[in-house]
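# Commentary on secondary and tertiary structure
Chain by chain, the residues:
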Amino acid sequence: SAVISQKPSRDICQRGTSLTIQCQVDSQVTMMFWYRQQPGQSLTLIATANQGSEATYESGFVIDKFPISRPNLTFSTLTVSNMSPEDSSIYLCSVTPSGRYEQYFGPGTRLTVT
Amino acid sequence: AQSVTQLDSQVPVFEEAPVELRCNYSSSVSVYLFWYVQYPNQGLQLLLKYLSGSTLVKGINGFEAEFNKSQTSFHLRKPSVHISDTAEYFCAVRTVDSSYKLIFGSGTRLLVRP
């Protein structure tokens, strides 16, 4: 398995501002993912972030709104830009270690936009 | 395209009673199947997975699931639940190809009452 930490664990932000969420893994992984979980909802994949290449975004998510960095095999950031109350969600990162089929998730970042 | 259906949004059950959480999937190709649990204010934890072989898979915390290809189902069961099993349970699927993306069901809230 993999141990994943996220910072911050929660934040309250004003509309129009941006927040950068950090994801740190205890081992090197190629595949890293970012999800959004809106209140009372399931998980929706935002993008796949592989080291050394541009992130691949899912339908409905764009780089200008959710820029992602992946500088090395143990770290990634997701920025939520120009926030609105509709961005209030839990944001989770996950990884698939090499040779494995499942994903392991971080504890999530609970974002509230006022 | 793949999809996952969890028909029960909430399942109330008394402590020490058995429980089954239902999951059906749709896919034109072979899939891997997973169950995750999310406790309040936490990330997702892998309960169990089906990759191949025996259709009955055992996971953590006394849970098990049975893969039924003809019925395209992967129902989760536990013979005797505890109060601590109260959580949100998600079924997820990914295809057996180069895609690492997980498709999640809408989730089932298991509420265990004393």
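The following refers to the structure shown. The shown structure was predicted, so the numbers you read here are calculated from the model rather than taken from an experiment. (Residues numbered from 1 in each chain as written. Chains lettered and ligands numbered in written order. Predicted model: local features only at pLDDT ≥ 70, side-chain atom pairs only at ≥ 80, totals over all residues. Heavy atoms only, no water.)

### Remarks on the state of the cysteines
Working definition of a disulfide: a covalent bond connecting the sulfur atoms of two cysteines. All names here are of chain A. Stated formally: Cysteine sulfurs are considered disulfide-paired once they come within 2.5 Å of each other. Counting from the N terminus, the helices are the DSSP runs of H or I reaching at least four residues and the strands are the DSSP runs of E reaching at least two.
One pass over the structure, following the stated rule, counts 2 disulfides over all chains. The partner cysteine of cysteine 23 in its disulfide is cysteine 93, sulfur to sulfur 2.0 Å. A torsion of 75° about the S-S bond marks the disulfide between cysteine 23 and cysteine 93 as right-handed. Of this pair, cysteine 23 sits in strand S3 (residues 19-25) while cysteine 93 sits in strand S9 (residues 89-96); the two residues are 70 residues apart in sequence, bridging distant segments of the chain.

### Points about the pattern of salt bridges
Stated precisely, the cut-off is as follows: The rule for a salt bridge is simple: a side-chain nitrogen of Lys or Arg has to be within 4 Å of a carboxyl oxygen of Asp or Glu. Relative accessible area decides the class of each residue, using a 1.4 Å probe on protein chains only: under 20% of the type maximum gives buried, over 50% gives exposed, and in between gives partly exposed.
The final tally for this structure, using the stated rule, is 9 salt bridges over all chains. In this structure, the salt-bridge partner of Asp8(B) is Arg22(B), at a minimum N-O distance of 2.9 Å. On the criterion of sequence distance, the pair formed by Asp8(B) in the loop between strand S1 (3-5) and strand S2 (10-14) and Arg22(B) in the loop between strand S3 (19-21) and strand S4 (24-26) is long-range, its members being 14 residues apart. Given the relative accessible area of 33%, Arg22(B) is considered partly exposed. One salt bridge in this structure joins Arg77(B) and Glu20(B), with 3.6 Å as the shortest N-O distance. You can see Arg77(B) sitting in strand S9 (residues 73-78) and its partner Glu20(B) sitting in strand S3, a full 57 residues away along the chain. Residue class for Arg77(B) comes out partly exposed when judged on its relative accessible area of 25%. Its relative accessible area of 37% is what places Glu20(B) among the partly exposed residues. By sharing partners, the salt bridges in this structure join Arg100(A), Glu102(A) and Lys49(B) into a single network.

### What about the packing of aromatic side chains?
Condition: Here is the rule: rings of Phe, Tyr and Trp (six-membered ring for Trp) pair when centre to centre is within 6.5 Å. Planes less than 30 degrees apart are stacked, more than 60 are edge-to-face, and the remainder are tilted. The rule for a charge over a ring is simple: NZ of Lys or CZ of Arg within 6 Å of the ring centre, and within 35 degrees of the ring normal.
Taken as a whole and judged by the stated rule, the model has 13 aromatic pairs over all chains. Aromatic side chains Tyr35(A) and Phe104(B) sit 5.8 Å apart centroid to centroid with 90° between the ring planes, which places their arrangement in the edge-to-face category. Of the two residues, Tyr35(A) sits in strand S4 (residues 31-37) while Phe104(B) sits in strand S11 (residues 103-104), which places them in two different chains. For the pair formed by Tyr35(A) and Phe104(B), the shared burial category is buried. Taking the centre distance of 5.5 Å and the plane angle of 45° together, the rings of Phe63(B) and Tyr89(B) count as tilted. Taken as a pair, Phe63(B) in the loop between strand S7 (56-58) and strand S8 (64-68) and Tyr89(B) in strand S10 (residues 87-95) lie far apart in primary sequence, 26 residues in all. Residue classification places Phe63(B) among the buried residues on the basis of a relative accessible area of 1%. Here Tyr89(B) falls in the buried class, since its relative accessible area comes to 0%. One aromatic cluster is present, built from ring pairs that chain together Tyr35(A), Phe105(A), Phe34(B), Tyr36(B), Phe90(B) and Phe104(B). The ring of Tyr100(B) carries the charged tip of Arg94(B) above its face, separated from the ring centre by 4.9 Å.

### Considering unusual backbone geometry
Each neighbour pair has its own omega, and for Lys7(A) with Pro8(A) the value is -10°, a cis peptide bond. Mapping Pro8(A) onto the fold places it in the loop between strand S1 (4-7) and strand S2 (10-13). Positive phi, normally seen in glycine, also occurs at Asn61(B), with a value near 60°. By relative accessible area, Asn61(B) is classed as partly exposed at 39%.

### Brief notes about the pairing of S10(B)
All names here are of chain B. To keep it simple, the criterion reads: For two strands to count as paired, DSSP must find a minimum of two bridges between them.
Burial of S10 is extensive: 9 of the 9 residues sit out of reach of the surface. Neither face of S10 is left uncovered, since the one carrying Ala87, Tyr89, Cys91, Val93 and Thr95 and the one carrying Glu88, Phe90, Ala92 and Arg94 both have all their residues buried. Here strand S5 (residues 31-38) runs beside S10; their pairing, made up of 8 bridges, is antiparallel. Residue pairing across strands places tyrosine 32 opposite arginine 94, the latter belonging to S10. Where S10 meets strand S12 (residues 108-113), 3 bridges bridge the pair, whose relative direction is antiparallel. Counted as the bridge partner of glutamate 88 is arginine 109 from S12.

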